[in-house]
Every structure is written in C-alpha cells, then in structure tokens.
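Chain and residue survey
Take a look at the letters that make up each chain.
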Amino acid sequence: MSKKKPRPIPVPAQFIPGLIDAHTHLTSCRDDIATLVARAGEAGVDKLCTVGDGLKEAGLALDAARQFDNVWAACAIHPTKAGQLDEVARQKLTEMVADPACVAVGETGLDTYWITHDPENTADLETQEEALRWHIDLSVSAGKTLMLHNREADADLMRVLADAPAAPNTILHCFSSPLEMAREALDRGYVLSFAGNVTFKRNEELREAARLAPLEQILIETDAPYMTPEPFRGSRNEPSLIGHTALCLAEVRGMAVEELAEVLGANFDRVYGLTTQP
Ligand SMILES: [Zn+2]
Ligand SMILES: [Zn+2]
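All values derive from a computational prediction rather than experimental measurement.

**A look at unusual backbone geometry**
The amide bond that connects Gly-106 to the next residue, Glu-107, takes the cis arrangement and shows omega of 5 degrees. Tracing the chain through its elements places Glu-107 in strand β4 (residues 102–111). Omega for the peptide link from Glu-230 to Pro-231 comes to 10 degrees, which places this bond in the cis form. Among the secondary structure elements, Pro-231 is positioned in the loop between β8 (218–220) and α9 (242–253). The residue Arg-30 is not glycine, and still its phi comes out positive at about 50 degrees. Note on placement: Arg-30 falls in the loop between β1 (19–24) and α1 (33–42).

See below:
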C-alpha cells in the first residue's frame, strides 16, 4: 500500500482588515456560498468578485451577487468554451452584464494551453478570438470592466487588445506572464491581478512584476478553487486564504499589509465602478 503524505489543512493568514478578492469562483469551491463568504469575512475579506465562466455559472454568480451585499459578479463565456457563444448566449450575457450586480465582462480571453493539451474539448483559436472580440464590444457598450484570462497567448492577446476598442478598465486576471508583457500591459494602463502563484518559490519574475507595477494598477485574487497560495499550494483554495497572497505582495512592496489592503480595496472600488454607483 502506498502512503501519501497528508496535505496540511489550509488556514487563513492573520486577520487583515479590508482585504478583497478580485476574482474567485464561489460556485466551484464545493461549499455553500454563505459559508465561504462568512469564512472570508472572518479573515478580513470585505469584498469579492465571483466569476461565472459559462452561461449557467454566470447566472449563479449573478444570483450570489444579488444575495450578498459584499459580492459582485463577472459574467462571460470562458475562452475554452467559446464555441458556446451562440445567439442565445449573446442575448443572455448582454442582459446579465446590464445588471448592476455585474461589474465586469469576464472571464474572456485566449487559452492556447488547452488547445495543445485537450483540443477535442477546447474551442480553436479563431473561435476564441471571435468570442473575445464580442466580449470586448460588450464591455465597451455596457461600460463595464473587461476581465481577461490568458494562458500561453500573450502575443495574440496583446494584438487583439491593441486593435479592439478600449474597455473602461482592463484586468489581466491571474497575471502569469513575463516581465516584458507586464511592462507593456502597465504602459497601456491595464490592471494586473495577482493570484496565489505569485507566492510560489520559482516565480521571482512575477514578484518583480508586482514590485514594479504602479500601486493603482494592482489587484489580488484567489481564482479559487485553484491557485492556492503557499504554504498550502496544491490544496483546494477559497477566498478566506487570500491573506497569504496579500502578505507576499506586502513584503515585495515593502509595505505594511494593512496599508496594502487599503490600496487594493480602493482599486477594487475604482476598477469595478463601485464608487460611482448610487
Ligand atoms: Zn482564468
Ligand atoms: Zn478564473
């Protein structure tokens, strides 16, 4: 019988007031949403943006956002599922994005990783690009933030963004690209959202990106249930664990974590348009 070393049970970092989670999937965390939101609150998380990356998931994200005062939604069809973006889906997404509880069009973008690894179940690049362009147009017409997923598609993503109309705000969620891409994205005014992988030992280049970014162009996220930060890498993630990522970024920036949380909270409000809402 083989014995697997048990993984440590993830626990939140110290209580950090005013934390945010700019990109999470509450409906994929295999726990009820009220429990997840309450546990996050106990760790200091004030505000969350939950992402629905398919038609059904987007509806659930919107339901959660309507139910909880401190939860907002992002709605789109994920690039790997871009083939599902038919007329009915476009109509429904347009309605969902118009809802005040929906603060972003996302996650849309490009993903060539799954085209390489599971082409049978992944939309091809042409279909993904067409869907991305449709989502960008929606973000512009609805006046909502564009939230982008990018996996091994840096050049294509930057090309499309350069010749498409500019969204009110553009977030590169789970930013994981080289420094050169970080510089270009920051020059264009995009916001880099750092996930748990910024804490991984080998990702010094990501921490360098987090170091050089202007403070107002940074967000943090769990992307739960994936991307669990150290020291719990590999376990199931949830919003209550965001403090570990915040502590890493505070160290990188040479700031007190409470001070960083305040900046991130202001960025969350600005980028998701909460400060201008009645
Ligand atoms: Zn993503
Ligand atoms: Zn995601």
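On we go from here.
**Considering the UniProt feature "binding site: a divalent metal cation 1" (unreviewed entry) in the protein**
Mapped onto the present numbering, the UniProt feature "binding site: a divalent metal cation 1" (unreviewed entry) falls at His-23, His-25, Glu-107 and Asp-223. In summary, the annotated positions, though distributed over 201 residues, converge in three dimensions, the widest C-alpha pair being only 10.9 Å. Residue placement: His-23 occurs in strand β1. The class of His-23 is buried, set by a relative accessible area of 1%. The residues contacting His-23, other than those within four sequence positions of it, are Cys-49, Val-51, Glu-107, Met-147, His-173, Glu-221, Thr-222, Asp-223 and Ala-224. Discounting residues that sit within four places of it in the chain, His-25 has contacts with Thr-50, Val-51, Asp-53, Glu-107, Asp-223, Ala-224 and Pro-225.

**Things to note about the coordination of the zinc ion (ligand 1)**
Within the first shell, the zinc ion (ligand 1) binds the protein through Glu-107 (OE), His-149 (ND1) and His-173 (NE2), at distances of 1.9 to 2.1 Å. The metal-metal distance between the zinc ion (ligand 1) and the zinc ion (ligand 2) comes to 3.6 Å, with Glu-107 coordinating both. Taken together, the residues Glu-107 in strand β4 and His-149 in strand β5 (residues 145–151) connect sequence positions 42 residues apart. We classify Glu-107 as buried; its relative accessible area is 3%.

The rules behind the values
- Residues numbered from 1 in each chain as written.
- Chains lettered and ligands numbered in written order.
- Predicted model: local features only at pLDDT ≥ 70, side-chain atom pairs only at ≥ 80, totals over all residues.
- Heavy atoms only, no water.
- Helix = DSSP H or I, 4+ residues; strand = E, 2+ residues; numbered from the N terminus.
- UniProt positions renumbered as here; feature names shortened; annotations may be inferred.
- Buried < 20%, exposed > 50% of the residue type's maximum accessible area, 1.4 Å probe, protein only.
- Contact = heavy atoms within 4.5 Å.
- Donors = N, O, S within 2.8 Å, 3.2 Å for Na, K, Ca; no water.

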